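Listed below are the residues making up each chain.
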Amino acid sequence: MAFRLSERKKKVILKLLLIFSLSKAVWYVYSIFQAYHGLNNPLIPDYLANFIAFPLYFLIADWLVISYLSWKLIRKEELLRTWFYHVFIGSLVYLFIGQALVYQLLQQINPYG
């Protein structure tokens, strides 16, 4: 038995994914802002803000790409029919597995640490 969703349900799911991915990107921008402006203790090294912010730049780009793909699928009906499951499942895999792996990889090659 195949699992099928109507076009309307797909668009609702993609709108939720768009809101979620944009909120993740904004949260990471806020985290970078906090890293640079929230560390005022003289005992904390100066490069700590750069160490914190380095992997977040890449994660922001990843979530913005997911937002862009969701937006494109919402706008184009033929893309929605063919690419919905790829984008949705890919973003879930990235959320639960890929993001942690990318973060760990970036922390290993972090030039500030």
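The structure this text deals with has already been given above.
As the structure is a computational prediction, the values presented were derived from the model and not from experiment.

Enquirer: I keep staring at the overall build of the chain and nothing clicks. Help me out?
Expert: A count of helical and extended segments in the chain gives three helices and zero strands. Ordered by position from N to C terminus, the α and β elements of the chain give α-α-α. Along the three orthogonal principal directions, the C-alpha set of the chain runs to about 60 × 25 × 20 Å. Here the contacts in the chain between residues at least 6 apart in sequence split such that 81% fall between residues at least 24 apart. For the chain, the exposed surface amounts to about 7900 Å²; the carbon and sulfur share of it is 68%. Taken together, the 11 basic and 5 acidic charged side chains of the chain have centroids lying 12 Å from each other.

Enquirer: Teacher, can you tell me more about the side chain of Gln-99 here?
Expert: Looking at the secondary structure, you find Gln-99 in helix H3 (residues 77-108). The contacts of Gln-99, once residues within four sequence positions are left out, are Lys-24, Tyr-28, Leu-59, Trp-63 and Tyr-94.

Enquirer: What exactly am I supposed to notice about H3 here?
Expert: Side chains three or four residues apart in an α-helix point the same way, a direct result of the helix having 3.6 residues per turn. Of all the bends in H3, the largest measures some 65 degrees and sits at Trp-83. Among all positions of H3, only Leu-80, Phe-84, Val-87, Ser-91, Tyr-94, Gly-98, Gln-99 and Leu-106 are buried. On its buried face, H3 sits against helix H1 (7-37) and helix H2 (48-75).

Enquirer: Explain the environment of Ile-109 to me, please; I cannot follow it from the model alone.
Expert: Within the secondary structure layout, Ile-109 lies in the segment after H3. In sequence terms Ile-109 and Phe-54 are 55 residues apart; their C-alpha atoms lie 9.8 Å from each other.

Enquirer: I would appreciate a short explanation of the pattern of salt bridges in the present structure.
Expert: Oppositely charged side chains are able to pair whenever their charged atoms sit close together. Under the criterion given, the structure shown has one salt bridge. Residues Lys-11 and Glu-77 are paired through a salt bridge, measuring 2.7 Å at the closest nitrogen-oxygen approach. Remark: Glu-77 occurs in helix H3 and Lys-11 occurs in helix H1; sequence separation between them is 66 residues. Judged by relative accessible area, which is 31%, Glu-77 ranks as partly exposed.

Criteria and thresholds
All residue numbers here refer to positions counted from 1 along the written sequence of the relevant chain. This being a predicted model, a pLDDT of at least 70 is required before a residue's local features are given, and a value of 80 or more before pairs of side-chain atoms are given or counted; all residues contribute to the totals for chains, interfaces and linings. Only hydrogens and water are set aside when side-chain values are computed; all heavy atoms of the structure are taken into account. By the criteria applied, helices consist of DSSP H or I runs no shorter than four residues and strands consist of E runs no shorter than two, each listed in order from the N terminus. Note on definitions: a residue-residue contact is assigned when non-hydrogen atoms from the two residues lie within 4.5 Å. Areas reported as accessible are Shrake-Rupley estimates using a 1.4 Å probe. Residue values count occlusion only from the protein chains shown. We score Asp and Glu as negative and Lys and Arg as positive, and we do not count His or the chain ends. Where a charge lies is defined by one atom per residue type: Lys uses NZ, Arg uses CZ, Asp uses CG and Glu uses CD. Fitting axes to the seven residues ending at a residue and to the seven starting there, one defines the bend at that residue as the angle between these axes. Each residue's exposure class comes from its accessible area (1.4 Å probe, protein chains only) as a fraction of the maximum for that residue type: buried when under 20%, exposed when over 50%, partly exposed otherwise. The rule for a salt bridge is simple: a side-chain nitrogen of Lys or Arg has to be within 4 Å of a carboxyl oxygen of Asp or Glu.

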